[in-house]
Amino acid sequence: MTLSMPLVLVAVMVVLFSVGVYLLLDRSLTRVLLGFLLVGNATNLLIFLTSGAFGAAPIYGEAEPLEMSDPLPQAFILTAIVITFGVSAFMLALIYRSWRLAREDEDAVVDDAHDLELVEAETLTTEEVTDEELEKTPEFTDSDADDDQEEDR
Amino acid sequence: MISLVPLVVLIPLSSAALALALPGRRRAQQLITVVALTAVVALSGAFMWIVDQQGTLVMQVGGWAAPFGISLVVDRLSALMLTVSAVVLLGVLLFSLGQGLADGDDETPVSIYYPTYLVLGAGVCNAFIAGDLFNLYVGFEILLVASYVLITLGGTGPRIRAGVTYVVVSLVSSILFLVSIALVYAATGTVNIAQLTLRIAELPSNIQLMLNLALLVAFGIKAAIFPLAFWLPDSYPTAPAPVTAVFAGLLTKVGVYAIIRAQTQLFPYSSVDGLLLVVAAFTLVVGILGAISQLDIKRLLSFTLISHIGYLIFGIGMATSAGYAATIYYIAHHIIVQTTLFLAVGLIERHGGTTSLTSLGGMLRAAPVIAVLFFIPMLNLGGIPPFSGFIGKLGLFTAAAELGTPGAYWLMGVGALVSLLTLYALARTWSLAFWRTRAAALGGSNAPVPNTPEGLMLQGRETALIERLHDAPDALPLQEQRETPALMIAATAGMVGVSLLLTFFAGPLYAYSVRAGERLAQSELLVDDVLGNPVEIGSGSGNNRAEGYDPRDSRGGDSS
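Residues numbered from 1 in each chain as written. Chains lettered and ligands numbered in written order. Predicted model: local features only at pLDDT ≥ 70, side-chain atom pairs only at ≥ 80, totals over all residues.

Notes on the overall build of chain B
Assigned secondary structure in chain B consists of 24 helices and 2 strands. For chain B, with 560 residues in total, the buried portion stands at 60%. Considering only residue pairs separated by 6 or more positions, chain B has 78% of its internal contacts joining residues 24 or more positions apart. (Helix = DSSP H or I, 4+ residues; strand = E, 2+ residues; numbered from the N terminus. Buried ≥ 20, exposed ≤ 12 C-beta atoms within 10 Å, placed from the backbone. Contact = placed C-beta atoms within 7 Å.)

This is the structure in structure tokens:
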């Protein structure tokens, strides 16, 4: 029984995790996808590392059971790879669609208009809403938004 | 009966394959979906009865004995969750049949809705019968991938925007879950939940704490508990009404179910129970405050959904059998009622053309049936006696009083307050959308009777307002007001009926929950069921094959 720690694998895993998390936090969806792929592979390495010391191929009759590698993490990794593959394909489709819909924003994550609107919206009560109040609600005025943009320029 | 256990997953999955193979034939797809989900309802109902009579059903897939093969476990909690989920899936399916979601009139692809819906059902059922952590993960992934497709159905701009948030957050939680599984396996050498009960107890307490927190974060994102819930109100409301309804009812509850399993079976003497109570309080309060500030009914309901997850976490955090019992009853109640409310909102959207409280009004006169169908679950969610929401909260508060710690009493206060605030938020919704006159909703300062000339003038303004809504940059997409198909109303009424059944049969159901809760509080019972009496399927060679190899041995016990 060897106690050699596969240090190289640990180092690779750490690098993959850190780079992957960094990319996941990016606003560009393509980078998010790359980050997900890196983190997914880092996780696969982590699962692989849980099998402990390396041994012979875990095939019945090939080696003594005590000399074999632990086959269970390998089964986990296979499943995880398949899932990651499927999800990545879906993500690609999603990113493509997002890019088609909003070319000017490239492929970035879009703000939630509702959230932004709610910040400025008047409190709504059961009392009747007057015309003036309705005018103040941002969704009914497009002039304000234009003014803001002009100021920005 | 035991060999029927995997059918709750296999029937929806194979039906999904069959439905996918018939892309153009909508009628056939609908028939397959309805038949499959009806079968799942019948099966899970039978499981509930049998499990209650004869004890836990454990199936060792392929005849491999317990810690080596895949165990499928149906105990009282699983059986109840299966039944409630199957009923919800069927009810929402009938609603979407009525809505003609798959007809393409909501810009949806014709052929993928029903198969994806079935896959979602299969994933949910798989999560509930999983006897090991990895199978639970696979169940989560099945339902998540199906939910990615459903939440972005049609690929319109808002749905893609919401879908991106949802997908990325779910991916992160899945990765965290997988990492947690890897850590659990590294520490114990098994992923079988029953065996983990034994092995985790042997670990040093700091490692137990780390594993517990890792799993809790992974499940917490899915269950939408307080600091991890902000993705939910962003993403759920944009999906089609039936999809939102089924997500709201089921997906977060799968996360809660996983938390229950983790806290009762993996970490029965967990030190994070106190933390769970704090998290529950924050979930309750922050969720309901979010709901009160919303102007859109769907978003408002999404926030009440988050808020009421707090009640479930409250029950789990108490870690007593009474607390678990109340949680179990409350989950059943909450799945049904939250789904019903979202279906009622689907009716409102269909009838009124929008879900924005700024433009809805006068629906009590225009659609009295919808008003009633919203009113009953509203009172139910708010916890008005004699509805099931009241019974569930009463159970929680009784359990808290029995526990008697200051934290439990604090949470009773918070829970009562949130119950009132829920009622406030929903009653305000009801009075804005149904009670006030249409004219008041459109900004008329003195709400005239529609028949007067003034009223007619106001109707003219209505069209003008709708045009302005279309022109406004961030306006809600105001759909045309359409006839509400009878099947949609019937399905919603059916769900309201089911929620009332929870009240009528509260006695037997609560007694069942108590029995389930008592079992959860004794983690060794499930261990005996799964490991103690391995059930032989087929040739009985499982025991022989399973002998001789234990992953823990090969590594010389270096894990601890």
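Topic: the overall build of chain A
Secondary structure assignment for chain A yields 6 helices and 0 strands. Start at the N end of chain A and walk to the C end: the helices and strands fall as α-α-α-α-α-α. In chain A, which comprises 153 residues, the share counted as buried stands at 24%. Summarising the internal contacts of chain A: among those between residues at least 6 apart in sequence, 46% fall at separations of at least 24.

Here's the deal with the environment of B:Leu373
All names here are of chain B. Here Leu-373 is to be found in helix 15 (residues 368–382). The exposure class assigned to Leu-373 is buried, which follows from the 22 C-beta atoms found within 10 Å. Here the alpha-carbon distance between Leu-373 and Val-496, two residues 123 residues apart in the chain, equals 6.9 Å. Aside from chain neighbours lying at most four places away, what touches Leu-373 is Ala-344, Leu-347, Thr-492, Ala-493 and Val-496.

A closer look at the confidence of the model for chain A
Residues and elements named next belong to chain A. Per-residue pLDDT for chain A has a mean of 76; in total, 66% of the residues score no lower than 70. Across chain A, helix 2 (residues 29–49) holds the top mean pLDDT of 93, while helix 6 (residues 143–152) sits lowest at 44. Confidence over residues 138–153 falls short of pLDDT 50; this stretch has 18 contacts with residues more than four positions distant or in other chains. (pLDDT = per-residue confidence, 0-100.)

Things to note about the confidence of the model for chain B
Low pLDDT marks regions whose predicted coordinates should not be analysed in detail. All names here are of chain B. Summary statistics for chain B give a mean pLDDT of 83 and a share of 85% for residues scoring 70 or more. In this model residues 464–477 is a low-confidence stretch, pLDDT under 50, and it forms 20 contacts with partners more than four residues away in sequence or in other chains. Our summary of model confidence lists the complex with pTM equal to 0.84 and ipTM equal to 0.80.

Some remarks on the nonpolar core
One finds B:Leu80, B:Leu143, B:Ile181 and B:Ile348 to be the most contacted residues of the largest nonpolar core, which totals 220 residues. Setting aside its immediate chain neighbours within four residues, B:Leu143 contacts B:Leu120, B:Gly123, B:Val124, B:Ala127, B:Leu251 and B:Val254. (Core = buried A, V, L, I, M, F, W, Y, C linked by C-beta atoms within 7 Å.)

Points about the environment of B:Gln522
All names here are of chain B. Along the chain, Gln-522 turns up in the loop between helix 21 (506–521) and helix 22 (523–532). With 13 C-beta atoms packed within 10 Å, Gln-522 lands in the partly exposed category. For Gln-522 and Pro-158, which are 364 residues apart along the polypeptide, the C-alpha to C-alpha distance reads 47 Å.

A short note on the pairing of strand 2 (residues 71–74) of chain B
Residues and elements named next belong to chain B. Burial along strand 2 is two-sided: Ser-71 and Val-73 facing one way and Leu-72 and Val-74 facing the other are all buried. Sheet analysis places strand 1 (residues 57–60) next to strand 2, joined by 4 bridges and oriented antiparallel. Paired with Gln-60 across the strands is Ser-71, a residue of strand 2. (Pairing = 2+ DSSP bridges.)

Details of helix 13 (residues 321–352) of chain B
Relative to the 46 Å expected for 32 residues at 1.5 Å per residue, helix 13 of chain B spans 45 Å between its end C-alpha atoms, a close match to the ideal helical length. With its phi angle positive at about 85°, B:Gly353 sits one or two positions after the end of helix 13 of chain B. (Expected span 1.5 Å × (residues − 1).)

Considerations on unusual backbone geometry
Residues and elements named next belong to chain B. Residue Pro-386 is bonded to the preceding Pro-385 through a cis peptide linkage, with omega at 5°. Position of Pro-386 relative to the elements: it lies in the loop between helix 15 and helix 16 (388–403). In this model, Ala-224 sits at a positive phi of 60°, which is unusual for a non-glycine residue. Relative to the elements of secondary structure, Ala-224 occurs in the loop between helix 8 (205–223) and helix 9 (232–235). By the C-beta count within 10 Å, which is 26 here, Ala-224 ends up buried. Although it is not a glycine, Ala-319 sits at a positive phi angle of roughly 55°. One can find Ala-319 in the loop between helix 12 (297–318) and helix 13. Taking the C-beta count within 10 Å as the criterion, Ala-319 has 22 such neighbours and is therefore assigned buried.

Some remarks on the packing of helix 7 (residues 193–201) of chain B against helix 22 of chain B
Residues and elements named next belong to chain B. Helix 22 packs onto helix 7 with a crossing angle of 125° between their chain directions and a minimal axis gap of 8 Å. It follows from the interaxial angle that helix 7 and helix 22 lie oblique. For the pair helix 7 and helix 22, the sense of crossing is left-handed. Contact residues: Ala-194, Gln-195, Thr-197 and Leu-198 in helix 7; Ser-523, Leu-526, Val-527, Val-530 and Leu-531 in helix 22. Split into classes, the residues belonging to the contact of helix 7 with helix 22 amount to 6 nonpolar, 3 polar and no charged. (Axes fitted to C-alpha atoms, helices over the stretch in contact; angles between N-to-C directions. Parallel < 35°, antiparallel > 145°, perpendicular 65-115°, else oblique. Left-handed = near helix turned anticlockwise from the far one by under 90°. Nonpolar A, V, L, I, M, F, W, Y, C, P; charged D, E, K, R; others polar.)

Examining the environment of B:Thr405
Turning to its location among the elements, B:Thr405 is positioned in the loop between helix 16 and helix 17 (406–435). Residues B:Thr405 and B:Val172, 233 residues apart in the sequence, show an inter-C-alpha distance of 36 Å.

Overview of helix 3 (residues 76–99) of chain B
Residues and elements named next belong to chain B. Here helix 3 spans 34 Å end to end across 24 residues, near enough to the 34 Å set by a 1.5 Å rise per residue. Here helix 3 lies mainly inside the structure; 24 of its 24 residues are buried. The first or second residue beyond helix 3 is Gly-100, which carries a positive phi of 65°.

Points about the packing of helix 5 (residues 133–151) of chain B against helix 10 (residues 241–266) of chain B
All names here are of chain B. Close contact between helix 5 and helix 10 brings their axes to 12 Å; oriented N to C, the two are set at 160°. On the basis of their axis angle, the class for helix 5 and helix 10 is roughly antiparallel. Between helix 5 and helix 10 lies a crossing of left-handed hand. Within the contact between the two elements, helix 5 uses Leu-136, Leu-143, Ser-147, Leu-150 and Ile-151 and helix 10 uses Val-243, Phe-247, Leu-251, Val-254 and Ala-258. Here the contact of helix 5 with helix 10 is built from residues that sort into 9 nonpolar, 1 polar and no charged.

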